[in-house]
Amino acid sequence: MSAASDAYVFIKDIKPGLKNLNVVFIVLEIGRVTKTKDGHEVRSCKVADKTGSITISVWDEIGSLIQPGDIIRLTKGYASLWKGCLTLYTGRGGELHKIGEFCMVYSEVPNFSEPNSEHVGQNKLVC
C-alpha cells in the first residue's frame, strides 16, 4: 500500500504498512534515548496534528536536533507496528525538515500509538 507521493496525510489516516507518507506535525514530547546493539541512538517522540497524535521513531543525529514545539515535515515516511503500537518512521530516502515552531493547531487525542484491538492479532507484545 502506498499513499500519494506528494499529498500530505493526516495522522488519523495512518495505518500499519503505509509507505511514502508525507506528514506535517508538531513535536510534543521527546522520549529518552536508547542505543541499539550496533550503537545507533533511537528516540521515540510524540507528535500530533489536528487529527490526533502518534509516536515517531527518530534515529541518530536528527533525534538530538528535534525539540518540543518544532513543526516538522516528514517526507517518504512509513508506518509499522512496534510492540503492538502504531509507529511512524523515516523511510529510505525520507527526510525530516523543520518548517516552523510553536504555532500549529493539534490534538493529542486520539493517540493512534496506543494499543489498539485492531492490531492485536498482528503483534502479541503490548506497549
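Computed from a predicted model, the values in this text were never measured in an experiment.

A. Up close: the overall build of the chain. Tallying secondary structure elements over the chain gives 1 helix and 5 strands in all. Secondary structure elements in the chain, listed N-terminal to C-terminal, are β-β-β-α-β-β. Considering the chain as a whole, with its 127 residues, one finds that 39% of them fall into the buried category. Within the chain, contacts between residues at least 6 apart in sequence are counted, and of these 58% link residues at least 24 apart. Looking at the chain as shown, the accessible area adds up to about 7,500 Å², and 53% of this sits on carbon and sulfur atoms.

B. Local environment of the nonpolar core. Core analysis: the biggest nonpolar cluster contains 21 residues, and Ile14, Leu21, Val23, Phe25, Ile56, Leu88 and Leu96 have the highest contact counts within it. Secondary structure elements with two or more residues in this core: strand E1 (21–35), strand E2 (41–49), strand E3 (52–59), strand E4 (70–82) and strand E5 (85–101). With residues near it in sequence (within four places) discarded, Leu96 still touches Phe25, Ile56, Val58, Ile62, Ile66, Ile72, Arg73, Leu74 and Thr90.

C. The environment of Val9, seen in detail. For Val9, the location among the structural elements is in the segment before E1. A C-alpha to C-alpha distance of 7.9 Å links Val9 and Val24, two positions 15 residues apart in sequence.

D. Expanded view of the pattern of salt bridges. Under the criterion given, the structure shown has 5 salt bridges. Among the salt bridges present, the one from Asp70 reaches Lys98, with a minimum N-O distance of 3.3 Å. Note that Asp70 is positioned in strand E4 and Lys98 in strand E5, a separation of 28 residues in sequence. The residue Glu101 makes a salt bridge to Lys98 at a minimum N-O spacing of 2.8 Å. With relative accessibility at 49%, the residue Lys98 sits in the partly exposed group. Within the structure, one salt-bridge network assembled from shared partners comprises Lys35, Glu41 and Arg43.

E. Region of the structure containing the pairing of E4. Judged from the 5 bridges that link them, E1 and E4 form a sheet pairing that is antiparallel. Bridge pairing in E4 places Val23 opposite Leu74. Where E4 lies against E5, 12 bridges are found, and the strand directions are antiparallel. Note that in E5 the partner of Leu74 across the bridge is Leu96. Count of turn residues in the E4/E5 antiparallel hairpin: 2 residues, of which Lys83 carries a positive phi of about 55°.

About the criteria used
Residues numbered from 1 in each chain as written. Predicted model: local features only at pLDDT ≥ 70, side-chain atom pairs only at ≥ 80, totals over all residues. Heavy atoms only, no water. Helix = DSSP H or I, 4+ residues; strand = E, 2+ residues; numbered from the N terminus. Buried < 20%, exposed > 50% of the residue type's maximum accessible area, 1.4 Å probe, protein only. Contact = heavy atoms within 4.5 Å. Areas by Shrake-Rupley, 256 points an atom, 1.4 Å probe, with all protein chains shown as cover. Core = buried A, V, L, I, M, F, W, Y, C linked by side-chain atoms within 4.5 Å. Salt bridge = Lys/Arg side-chain N within 4 Å of Asp/Glu carboxyl O. Pairing = 2+ DSSP bridges.

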